[in-house]
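Structure assessment
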Amino acid sequence: MLHTGKKRVRRVALIGLAGALVLSISACAESEREGDGAGGGQAGGTLVFGAAGKPKNFDPIFNDDGESFRIHRQIFDTLITYKPGTAELAPGLATEWTPSNGGKTWTFKLRDGVKFHDGTDFNAEAVCFNFDRWVNMKGAAAQSQMIYYGDVFEGFRKNEGDATGDPLYKSCEAKDNTTAVVNFNKVKGAFPDAFGLTSLSISSPTALKKHNADEVKQTGGAFAYSDYANKFPTGTGPFKFESYKPANNTVTLVRNDDYWGDKAKLDKLVFKIVEDENARKQELQSGQIHAYDFPNAADYDSLEENGNKIMPRSVFNILYLGINQKNNPKLRDIRVRQAIQHAINKDQLAKNKLPRGASGRDQFLPEDVDGYTKDVKKFPYNPQKARQLLQAAGATNLTLKFYVPSEVTRPYMPNPQEIGGAIADDLKKVGIKVQTVPRSWNGGFKDDVQKLGKQDIHLLGWTGDYGDAGNFIGTFFGRQKAEFGFNEPEIFSALSKADATVDDAQQKAAYEDASKKIAEYIPAVPLTSSPPAIAASSKVKGLVPSPLTDERFVTVSLDES
Amino acid sequence: MLRFVARRLLQAIPTLIILSILIFAWLRSLPGGPAQALLGDKWTPEKEAQLNATLGFDQPIWLQYLKFLGRAITGDFGNSSVSGLPVLQEIGQGFAATIELSFFAIVIAIVLGIPLGYLAARFHGRLLDNLTVIGTLVGVAVPVFFLGALLKFVFADELGILPPSGRQDVTINATTVTGFATVDGLLTREFDATWDALLHLILPSIALASIPMAVIVRITRASVLDVLDEDFVRTAESKGLTTQVIRRRHVLRNALLPVSTTIGLQTGLLLAGAVLTEKVFNWGGLGSLLAEGIERKDYPRLQALILLAASVYVLVNLLVDVSYAIIDPRVRVS
């Protein structure tokens, strides 16, 4: 009896303790709903966009992927931006930009009266501070994560990361409040387009210093970013950063009421990360999100039937069949490469395996980019001719190892395995034996194809970063690479010449010339371009799809009627 | 009892160290690597080699391991190569989500599983029993992700009565205190947030509960049938005890021994199911972290997560042994 009594006492004590604990936690847990500025009930409302992946962090200079950039573009501005829905340049924080000194100096006329989200002034000094910050970045950790900086500016004042060259950037001078003069050590064809890269967004110098933005640490096989990158990104954009909650998969932005341009219509903009494409579709249909990126082409019809909109972007990508001449000597024969061109039915591929609006391609550049030309050598689908060419080349018994990536979806290849299967079928029809080798995208494909060059042919593609031909064909064929295994100085020099040309008209001609040379030589087979789309509820108004996936939500509103 | 617990905890240490060596070697033997995933579309072999040098992945593997171990002992498991955040912070945030889901799943499994199993045994060979046996077979056989997708299709897509995914409606703007969405709503008196979190919990926790519930039903049923045949039950009957007392004190209590082991093991296994369930329902918990970590070859995150899962498993097993001792006094004596 005594024993039971003790037990009861202990039980009561435990319950009491638990109750006290709950009460004490409850006492310090206050609802934070009040005073958050922009609740769901206000006029502009909250738009929830279904993003396909998590952002890396919120300091644009340390990022290189579309999911992070989509968020940065709402918080930050760049000196030059793009006309909505195109890759054409438009004024951003700079209203005018003029090259001088043979293209080595750029003078930016800046907007007056612009303020950063922390209330400090945007001016020429702030622009120079950002350029200086980038070139003076210290530590291998920080430098190795500035991938777009490296692409454009090549080196740092003191190279401590993976860059080895001299920096392109020389100096920046704030002539007056609204005039910034940026000097470079040499001419770069990527300018002025590259000034629009989201990575080169302008941050508040005060906030950068306050939150130790440059302190990137390498710890235990990873990089740790500063508070600036994780919690306090401060730009001049139409939305301000509010929070990132990884456990809820949400990034929340609120309207910047002091924005220099037309103010955002929405009170709040939430990016909800839903990695599974099918889950994004279900969330749109159940009204949990208002729009999402990269809908599956197979769902276009059913989404539209349910009253949603499919908004295709104009094409800015290319899917190609890589050819590795080093691995298979037979591929060095131009006739064999021509035979592969003739063997593939690109239009059929675009129609059957790629989203609505996809088309077969005869070159690597989109129409909108200077350097595209109709005068390239064409290789229409002709299996008969392919067979003849193979015979003439003595390659009737050709066997090709075909590397196809798996476990990946890219805008230019929503379903690489299916696309690879269709190409293999086409090649088999002209008598080429194909051994398909599937390799996981992050687990061997890139190693095998781009580092070791194990393949004879492979499937890969590219989405452009900005409207410059060098960003496409310069990246692919500008130098000798394990991926293609050819050495053709004529092509290399044509591309480097074009990159170093400042005059727009001359550069266009130089890239057209390079395009023709590439089409003739066939270092790889351009296959298709496909427009990735955005799916949106009919309530969403004012969203303009961009070929660069550079959608701005400042013009977007929700029609709840 | 204390000594028993302490000994079991000490035994866990070598297990975890051996496991950490295995994970370390296994992760690094996979093709690709964090550098490739980090560089994404901008990858080149040269950049990868230099990034590997920056990250220290070019060092001998034993040296990397010793460094890892040195840090891990001080509680530093490094930063995720995907997010750059400290791994433990990430796990802390994901932990609440997964525990909340697993808790509801195991509660559903126990609350429905034990009575169902008991009833099936009582009505042995009758319709209810047969239905239960078939039901549990289906429950075990249907993959979690399929059941999840099916539930979503019916209740979210077609009927539209439950949310298809996520933990909470993002426009509800709930305050986060503990990370447990249901609890936070109660603490901050945002009752609509708790209600919304509960609605979001229904489908994933049913999907996740399906397998453990089926197992619990079957074990309870078999165990009750065994105990009903025991001599002491007959003795109790002959003593003239009421059926109710016999059932509660003699049958159920004895039958629950193997059931408690099963519950423990199933709780440990829930993490495996949670990975799939979280994927289907876009649940931002440990399962999602694990799936993303594998895809992006995030060594620090995977090392910490797998070790955590193993530790939880060891701990749950210990709790099972302790609960044994409570249910069956003979264990305490031995």
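Conventions used here
- Residues numbered from 1 in each chain as written.
- Chains lettered and ligands numbered in written order.
- Predicted model: local features only at pLDDT ≥ 70, side-chain atom pairs only at ≥ 80, totals over all residues.
- Heavy atoms only, no water.
- Pairing = 2+ DSSP bridges.
- Helix = DSSP H or I, 4+ residues; strand = E, 2+ residues; numbered from the N terminus.
- Contact = heavy atoms within 4.5 Å.
- Axes fitted to C-alpha atoms, helices over the stretch in contact; angles between N-to-C directions.
- Buried < 20%, exposed > 50% of the residue type's maximum accessible area, 1.4 Å probe, protein only.
- Disulfide = S-S within 2.5 Å.
- Domains from an automatic or database assignment.
- Buried area = accessible area lost by both parts, 1.4 Å probe.

Examining the pairing of strand S4 (residues 94-100) of chain A
The side chains of a regular strand alternate, first on one face of the sheet and then on the other. Residue and element names in this part refer to chain A. Direction of pairing for S4 relative to strand S5 (residues 105-110): antiparallel, over a ladder of six bridges. Paired with Pro99 across the bridge in S5 is Trp106. Between the end of S4 and the start of S5, which pair antiparallel, lie four residues, with Asn101 showing a positive phi angle near 55 degrees.

Some details on unusual backbone geometry
One can expect most non-glycine residues to show negative phi and most peptide bonds to be in trans. All names here are of chain A. In this structure, the amide linkage connecting Phe191 to the following residue, Pro192, adopts the cis form with an omega of 5 degrees. In this model, Glu154 sits at a positive phi of 65 degrees, which is unusual for a non-glycine residue. Here Glu154 shows up in the loop between helix H5 (147-153) and strand S6 (169-176). Residues other than glycine seldom take positive phi values, yet Thr549 does so here, at roughly 55 degrees.

A closer look at the sheet that holds strand S18 (residues 433-440) of chain A
Each strand in a sheet pairs with another by means of backbone hydrogen bonds, the pair being arranged parallel or else antiparallel. All names here are of chain A. On the basis of which strands lie adjacent, the open sheet formed by six strands has the order S16-S20-S15-S19-S17-S18 and mixed pairing. Two strands lie at the open edges of the sheet, namely strand S16 (359-360) and S18, each paired on one side alone. Pairing between strand S17 (residues 399-406) and strand S19 (residues 457-463): two bridges, direction parallel. Opposite Tyr403, over in S19, you have His458 as the bridge partner. Running at roughly 40 degrees to strand S20 (residues 524-529), helix H11 (residues 346-353) makes contact with S16 and S20 of the sheet.

Some points on the environment of Ala194 of chain A
Residue and element names in this part refer to chain A. Its location among the elements puts Ala194 in the loop between strand S7 (179-184) and helix H6 (205-210). For Ala194, a relative accessible area of 0% corresponds to the buried category. The spatial distance from the C-alpha of Ala194 to the C-alpha of Asn177 is 23 Å, given a sequence separation of 17 residues. When sequence neighbours within four positions are dropped, the list of residues in contact with Ala194 reads Val152, Leu200 and Tyr466.

Let's talk about the state of the cysteines
Residues and elements named next belong to chain A. Across all of its chains, the model carries one disulfide over all chains by this definition. Cys128 shares a disulfide with Cys172; S-S distance 2.0 Å. Here the S-S torsion is close to -65 degrees, and the disulfide linking Cys128 with Cys172 is therefore left-handed. Placement of the pair is Cys128 in helix H3 (residues 124-135) and Cys172 in strand S6, with a sequence separation of 44 residues.

Comments concerning the domain arrangement of chain B
Put simply, an interface is often sized by how much accessible area is lost when its parts join up. Residue and element names in this part refer to chain B. Partitioning chain B into structural domains gives domain 1 (2-74) and domain 2 (88-333). Spacing between the C-alpha centres of domain 1 and domain 2 amounts to 31 Å. Counting residues at the interface gives 21 residues for domain 1 and 15 residues for domain 2. Of the roughly 1700 Å² buried at the junction of domain 1 and domain 2 (both faces included), carbon and sulfur atoms supply 77%.

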